[in-house]
Amino acid sequence: MSVSDNFNRANASSLGANWTDITGGMQIVSNEAECDTGGLYEWTVWSANTWNADQTSQVTLGPSWAGDSGPLVRAGDAAGGGDGYMAMAHSSVGMRIYRRDNGSFTQLQDIGGSVAAGDVIKLEITGTTLKYYKNGAQQGTDQTDSTYATGSAGIYSATAGNTGGIDDWVGTGEIAG
């Protein structure tokens, strides 16, 4: 099963009832999800369902994208600063996988390369194995990390001002609820 959100609705200061902000806040501007003007690395998870441990999170970088956004897996907030895994899609450093521990980041892989508006970025976790995909093709190599065994799929944006826009999101691995 999968769940999705295309963000095609009126501008709003939040993403809506199905989403929960972990750090900072996300908003909708011109049918795209982006961080609000309040801060950086704002994480939001889909909270309308409970998630299995094995999950994927996929975003389409919006037409106005020119910044730093991407999908999250096994995201949560055990210690108040955000925890989980993120697939960075960054306009100047390219593709990376990070683990976030209470607001501190550990780089698991620097893939490099480039990303652009319209690219589809997916992060997958099965067991302890993380995989980064761009436009359906795996980028880099499998990464293993066992720090987080549970959490939710979601999105992040670190660029305010509608340059970190996410156009569409799809998550898989949820349990109906």
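So, here is what we can say about the structure in this document. Numbers given to residues run from 1 along each chain, matching the order in which its sequence is written. Restriction of local features to residues with pLDDT of at least 70 applies here, the model being predicted, together with a cutoff of 80 or more for giving and counting side-chain atom pairs; totals for whole chains, interfaces and linings are based on all residues. Processing note: side-chain calculations cover all non-hydrogen atoms of the structure and skip hydrogens and water entirely.

Here we look at the packing of aromatic side chains
Put simply, the rule reads: Centres within 6.5 Å are what make two rings of Phe, Tyr or Trp a pair, Trp counting through its six-membered ring; a difference in plane orientation under 30 degrees is then read as stacked, over 60 as edge-to-face, and the rest as tilted. Helix and strand definitions here come from DSSP, where helices need a minimum of 4 consecutive H or I residues and strands a minimum of 2 consecutive E residues; each element is numbered from the N-terminal end. To sort residues, take the accessible area from a 1.4 Å probe on protein chains only and compare it with the maximum for the residue type: under 20% means buried, over 50% means exposed, and anything in between is partly exposed.
Taken as a whole and assessed by the stated rule, the structure comprises nine aromatic pairs. With a centroid separation of 5.3 Å and an interplanar angle of 90°, the aromatic rings of W19 and W46 are classed as edge-to-face. Highlighted residues: W19 in strand β2 (residues 19-23) and W46 in strand β5 (residues 42-46), separated in sequence by 27 residues. For the pair W19 and W46, a shared accessibility class is recorded, and that class is buried. Feature note: the residues F7, W19, W46, W51 and W169 constitute an aromatic cluster, connected by ring pairs.

Details of the side chain of E42
To be explicit about the condition: In this charge count, Lys and Arg are treated as positive and Asp and Glu as negative; neither His nor the chain ends contribute. A side-chain nitrogen of Lys or Arg and a carboxyl oxygen of Asp or Glu constitute a salt bridge if their distance falls within 4 Å. We define a polar contact as two N or O atoms separated by no more than 3.5 Å, with the added condition that, inside protein, one atom must be a possible hydrogen donor and the other a possible acceptor, whereas residues neighbouring each other in sequence contribute only through side-chain atom pairs. Here, two residues are considered to be in contact whenever any of their heavy atoms come within 4.5 Å of each other.
Examined against the element boundaries, E42 turns out to sit in strand β5. The side chain of E42 is buried and forms no salt bridge, while R100, the nearest opposite charge, is found at 9.2 Å. Polar contacts involving the side chain of E42 include one to the main-chain amide nitrogen of D36, which spans 3.0 Å. The residues touching E42, leaving out its near neighbours within four places in the chain, are T23, G24, G25, M26, C35, D36, I155, Y156 and S157.

Some remarks on unusual backbone geometry
Phi is positive for S30, close to 50°, though the residue is something other than glycine. Position of S30 among the secondary structure elements: in the loop between β3 (26-29) and β4 (32-35). Its relative accessible area of 48% is what places S30 among the partly exposed residues. Its identity is not glycine, yet N102 carries a phi of approximately 50°, on the positive side. Inspection of the secondary structure assignment puts N102 in the loop between β9 (94-101) and β10 (104-112).

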